[in-house]
Amino acid sequence: MTLREILGHRRLTTLLARAIERESLPPTLLLAGPSGVGKWAVAKAVAQAVNCIERVAPAGDLAIDACGKCRACDRIARNVHVDVIAVEPDDRASIKIDVIRDVLSRTGFRPFEGRRRVVMIRDADCLETSAQNSLLKSLEEPPPGTTFILTSAVPGALLPTVRSRCMRLRFGRLTSTEVAAALTRDHDYTDEAARDAAPLADGSLGQALALIDNDLSMFRELAIGMLQQAAGRTDAQSRVQAAGALHTGSSRKERTRESVAIVLRLMASMLRDLEAINAGADRSVLANPLLTHDLEALARAYSGDRARTVFASVDRALTALERNAGTKVVTEWLAVQL
Ligand SMILES: [Zn+2]
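Residues numbered from 1 in each chain as written. Predicted model: local features only at pLDDT ≥ 70, side-chain atom pairs only at ≥ 80, totals over all residues. Heavy atoms only, no water.

Asker: Explain the overall build of the protein chain residue by residue, including any values.
Answerer: From N to C terminus, the protein chain includes 15 helices and five strands. Overall, the protein chain is about 70 × 45 × 30 Å in size when its C-alpha atoms are taken along their principal axes. Scored against the burial criterion, the 338 residues of the protein chain give a buried share of 47%. Counted over contacts in the protein chain with a minimum sequence separation of 6, partners at least 24 positions apart contribute 70%. Per element, the accessible surface of the protein chain, about 16800 Å² overall, is 49% carbon and sulfur. Charge separation in the protein chain, taken as the distance between the mean sites of 45 positive and 41 negative side-chain charges, equals 5 Å. (Helix = DSSP H or I, 4+ residues; strand = E, 2+ residues; numbered from the N terminus. Buried < 20%, exposed > 50% of the residue type's maximum accessible area, 1.4 Å probe, protein only. Contact = heavy atoms within 4.5 Å. Areas by Shrake-Rupley, 256 points an atom, 1.4 Å probe, with all protein chains shown as cover. Lys, Arg positive; Asp, Glu negative; His and termini not counted. Charge placed at Lys NZ, Arg CZ, Asp CG, Glu CD.)

Asker: I'd love a proper account of the pairing of strand 1 (residues 28-32), names of residues and values included.
Answerer: A large share of strand 1 lies buried, amounting to five of its five residues. Covered by surrounding structure in strand 1 are Thr28, Leu30 and Ala32 together with Leu29 and Leu31, the residues of both alternating faces. Here strand 1 runs beside strand 4 (residues 146-152); their pairing, made up of five bridges, is parallel. Residue pairing for strand 4: Leu31 is matched across the bridge by Thr151. The pairing of strand 1 with strand 5 (residues 167-170) spans four bridges and is classified as parallel. Within strand 5, the residue paired with Leu29 across the bridge is Met167. (Pairing = 2+ DSSP bridges.)

Asker: I'd like a rundown of the coordination of the zinc ion, residues and numbers included.
Answerer: At this site the zinc ion is bound by Cys52 (SG), Cys67 (SG), Cys70 (SG) and Cys73 (SG), with donor distances of 2.3 Å. In this structure, the zinc ion is surrounded by four donor atoms whose angles at the metal cover 103 to 118°, and the resulting shape is tetrahedral. Each donor residue of the zinc ion lies on the same chain, and together they follow the pattern C-x14-C-x2-C-x2-C. Placement of the pair is Cys52 in the loop between helix 2 (39-51) and helix 3 (71-77) and Cys67 in the loop between helix 2 and helix 3, with a sequence separation of 15 residues. Under the relative-accessibility criterion, Cys52 is labelled buried at 0%. Residue classification places Cys67 among the buried positions, given a relative accessible area of 12%. (Donors = N, O, S within 2.8 Å, 3.2 Å for Na, K, Ca; no water. Tetrahedral: all angles 85-135°; square planar, octahedral: opposite > 155°, others 65-115°.)

Asker: Give me the lowdown on the pattern of salt bridges, citing residues and values where you can.
Answerer: Tallied over the full model, the rule gives 15 salt bridges. A salt bridge links Glu258 to Arg265; the nearest nitrogen and oxygen atoms lie 3.8 Å apart. Using a relative accessible area of 31% as the deciding quantity, one classes Glu258 as partly exposed. Exposure remark for Arg265: the relative accessible area of 13% places this residue in the buried category. (Salt bridge = Lys/Arg side-chain N within 4 Å of Asp/Glu carboxyl O.)

Asker: Account for helix 1 (residues 10-21), with residues named and values stated.
Answerer: The terminal C-alpha atoms of helix 1 lie 16 Å apart, and with twelve residues this matches the ideal 16 Å at 1.5 Å per residue to within 8%. By the burial criterion, the buried members of helix 1 are Leu12, Thr13, Thr14, Leu16, Ala17, Ala19 and Ile20. Where helix 1 is buried, its residues meet strand 1, helix 2 and strand 5. One or two steps after helix 1, the chain reaches Glu23, where phi turns positive at roughly 55°. (Expected span 1.5 Å × (residues − 1).)

Asker: Just give me the short version of the sheet that holds strand 5, but keep the residues and values in it.
Answerer: Sheet architecture is open: five strands sit in the order 2-3-4-1-5, paired in parallel fashion. Since the sheet does not close on itself, it has two edges, and those belong to strand 2 (84-87) and strand 5, each with one partner. Between one strand axis and the next, the sheet turns through 15° on average, direction left out of account. Together, strand 2, strand 3 (117-121) and strand 4 form the strand contacts of helix 4 (residues 97-106), whose direction differs from that of strand 2 by roughly 175°. (Axes fitted to C-alpha atoms, helices over the stretch in contact; angles between N-to-C directions.)

Asker: Run through the pairing of strand 3, naming residues and quoting values.
Answerer: Burial within strand 3 is extensive, with five of its five residues counted as buried. Bridge count between strand 2 and strand 3: four bridges; the pairing is parallel. Considered in strand 3, the bridge of Val87 is made with Ile121. Handedness of the strand 2-helix 4-strand 3 crossover: right-handed. In terms of strand pairing, strand 3 meets strand 4 through five bridges, oriented parallel. (Right-handed = clockwise from strand over helix to strand, strands pointing away.)

Asker: An account of the nonpolar core is requested, with residue identities and associated values reported.
Answerer: In this structure, Val46, Leu227, Leu264, Met267 and Tyr302 are the most contacted members of the largest nonpolar core, which totals 79 residues. Among residues more than four places away in sequence, those in contact with Leu227 are Met267, Met270, Leu271, Leu274, Leu298, Tyr302 and Val310. Residues Leu30, Ile85, Ile95 and Cys126 belong to the second largest nonpolar core, which totals 23 residues. (Core = buried A, V, L, I, M, F, W, Y, C linked by side-chain atoms within 4.5 Å.)

Asker: Explain the environment of Val103 to me, and be specific about the residues and the numbers.
Answerer: Along the polypeptide, Val103 turns up in helix 4. Each C-alpha atom, one on Val103 and one on Leu135, is 9.9 Å from the other, the two residues being 32 residues apart in sequence.

Asker: Can you explain the packing of helix 12 (residues 257-278) against helix 15 (residues 327-337)? Please cite residues and give values.
Answerer: Relative to each other, helix 12 and helix 15 sit at 20°, their axes nearing to 10 Å. Compared by their axis directions, helix 12 and helix 15 come out roughly parallel. Of the two elements, helix 12 crosses helix 15, and the hand of that crossing is left-handed. For the pair helix 12 and helix 15, contact is made by Arg257, Val260, Leu264 and Met267 and by Thr327, Thr331 and Leu334, respectively. (Parallel < 35°, antiparallel > 145°, perpendicular 65-115°, else oblique. Left-handed = near helix turned anticlockwise from the far one by under 90°.)

Such coordinate-based values are descriptive only and should not be taken to indicate function.
This is the structure we're talking about:
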């Protein structure tokens, strides 16, 4: 994928393209930001833009870009270009010192077929401490013609000595339109499936993909079930019981924090729909059109300020989950609040 094909992050890709054009790309880059937003894709696009044989000047903000078709671009895309080295964590989410030693031994020579050698390290926080230490000297004084690009969703987990030697570029979340566009363009999902999953993915294509392959309809049922239960204003004990379905799946396995967060985000979007219905909005604006019937039946129970109050509780529960609170504690707290 070339820089111009990257969805979102235009400010950063513009900056990178300009640096590549002026041959002033920093020798060590750390692409930091949430997982699943395209950091690795940008790293590869940079490697292509640097080494492409027939670079282009695309219309728009980008000063320069790879053609995406030449021999170099093709080899980089297939991870077989001799001068573009991709290091990824193993099955145990670890990058061992041997791997780094091997990579470094290959950077002792000038680039073989490309303009610059690019060493890309994915999820660099998976580097063992010894591997990070072995990198220090190269990051401090990169071998001639070599650029290091590290990506990480948790840059704070890197050694400060590694962090301080890299120029950091901060990646933000994607918009839900960008996530939907990536799902249809690059992953062959239908517009409908993409529109369905994108708003729940928290700005991450990775999360959208996990979600779309999971049972979204089951999460949706759980969410509307919680709202129906709360509308019934049952006693606290039966609510806590109902919350059980939210934090524990059918196989008695506790759901992941991410699954619970998806259900909560669904609840939040349904509460916005309820408010829209109560305000007499056109049904075409609903974020959950499949549930129009159920939502209409619930609207009266969420009239006045109630939708907003419940929304605020759901929002607090989501924040607590993001701060690593346990799913059981959070869902039971929420069930009582509703
Ligand atoms: Zn090319």
